[in-house]
Amino acid sequence: MTAIPDHGRAPGPHRDDLVTIGQLARRSGLAASALRYYESLGLIHATRTTGGQRRYTRGTLRRIAFVRAAQRVGLSLDEARVALDRLPERPAPSGSEWDRVAESWQSRIDEQIAELQRLKAKLTGCIGCGCLSLSRCALYNAADRAGDTGPGARYLLTRDPDGGPEPVSPDADDCGTC
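Since we're looking at a predicted model, the values are computed, not measured. (Residues numbered from 1 in each chain as written. Predicted model: local features only at pLDDT ≥ 70, side-chain atom pairs only at ≥ 80, totals over all residues. Heavy atoms only, no water.)

Draft legend 1. How the structure looks around helix α3 (residues 60-72). Compared with the 18 Å implied by 1.5 Å per residue over 13 residues, the 18 Å span of α3 between its first and last C-alpha is a close match. Of all the residues in α3, the buried ones are Thr-60, Arg-63, Ile-64, Phe-66, Val-67 and Ala-70. Axial view of α3: buried residues confined to an arc of 155°, hence all on one face. (Helix = DSSP H or I, 4+ residues; strand = E, 2+ residues; numbered from the N terminus. Expected span 1.5 Å × (residues − 1). Buried < 20%, exposed > 50% of the residue type's maximum accessible area, 1.4 Å probe, protein only. Arc of directions from axis to C-beta.)

Draft legend 2. Structural view of the packing of aromatic side chains. Considering all chains together, one arrives at one aromatic pair under this definition. The interplanar angle of 50° and the centroid separation of 5.3 Å between the aromatic rings of Phe-66 and Trp-105 together place this pair among those described as tilted. In this pair, Phe-66 is assigned in helix α3 and Trp-105 in helix α5 (residues 95-129), connecting sequence segments 39 residues apart. Note on Trp-105: relative accessible area 12%, which makes it buried. (Phe/Tyr/Trp six-rings, centres within 6.5 Å; stacked < 30°, edge-to-face > 60°.)

Draft legend 3. Here's a closer look at the packing of α3 against helix α4 (residues 77-85). With their axes 9 Å apart at the nearest point, α3 and α4 run at an angle of 130° to one another. Compared by their axis directions, α3 and α4 come out oblique. Judged by the twist between their axes, the crossing of α3 over α4 is right-handed. Facing Arg-63, Phe-66, Val-67, Ala-70 and Gln-71 of α3, the residues of α4 in contact are Leu-77, Ala-80, Ala-83 and Leu-84. When grouped by side-chain class, the residues that make up the contact of α3 with α4 number seven nonpolar, one polar and one charged. (Axes fitted to C-alpha atoms, helices over the stretch in contact; angles between N-to-C directions. Parallel < 35°, antiparallel > 145°, perpendicular 65-115°, else oblique. Left-handed = near helix turned anticlockwise from the far one by under 90°. Contact = heavy atoms within 4.5 Å. Nonpolar A, V, L, I, M, F, W, Y, C, P; charged D, E, K, R; others polar.)

What follows is the structure, given as structure tokens:
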């Protein structure tokens, strides 16, 4: 393998390899405020000029594309950051590195598919039933424990700080949230 001469350049990003936040915003389609937010979350990284202006490597566009792909499949920004932390900082991860990250997303995507199928089944049942009952509908009023204690705004009508409007089970702990 032949090395490419660097003409005496110092290691690290060089002025010609860096883009401003405005350039990155235009190229990525995100607002500069979103880029600053991504940076605060550790999703992307900037260097600073002597005047304090942000400069990003061109590889940051790949990281942004990765984050947007993660969001598209339903991952949170925190989950995207965890996945990005597994990848090297160099501009382009290898195919096997991308494959490992994609595999880690498979179970999450499978969970989302299963949840959507459950929602579809409930919606189909709701359309068939037609009740839209506030007290019975599993779609509109899923797991409404406060509703079991009676009609109205139970939390406002009951001022019992220990038990609230919900029945307290005999084996509940003292935290007041069970």
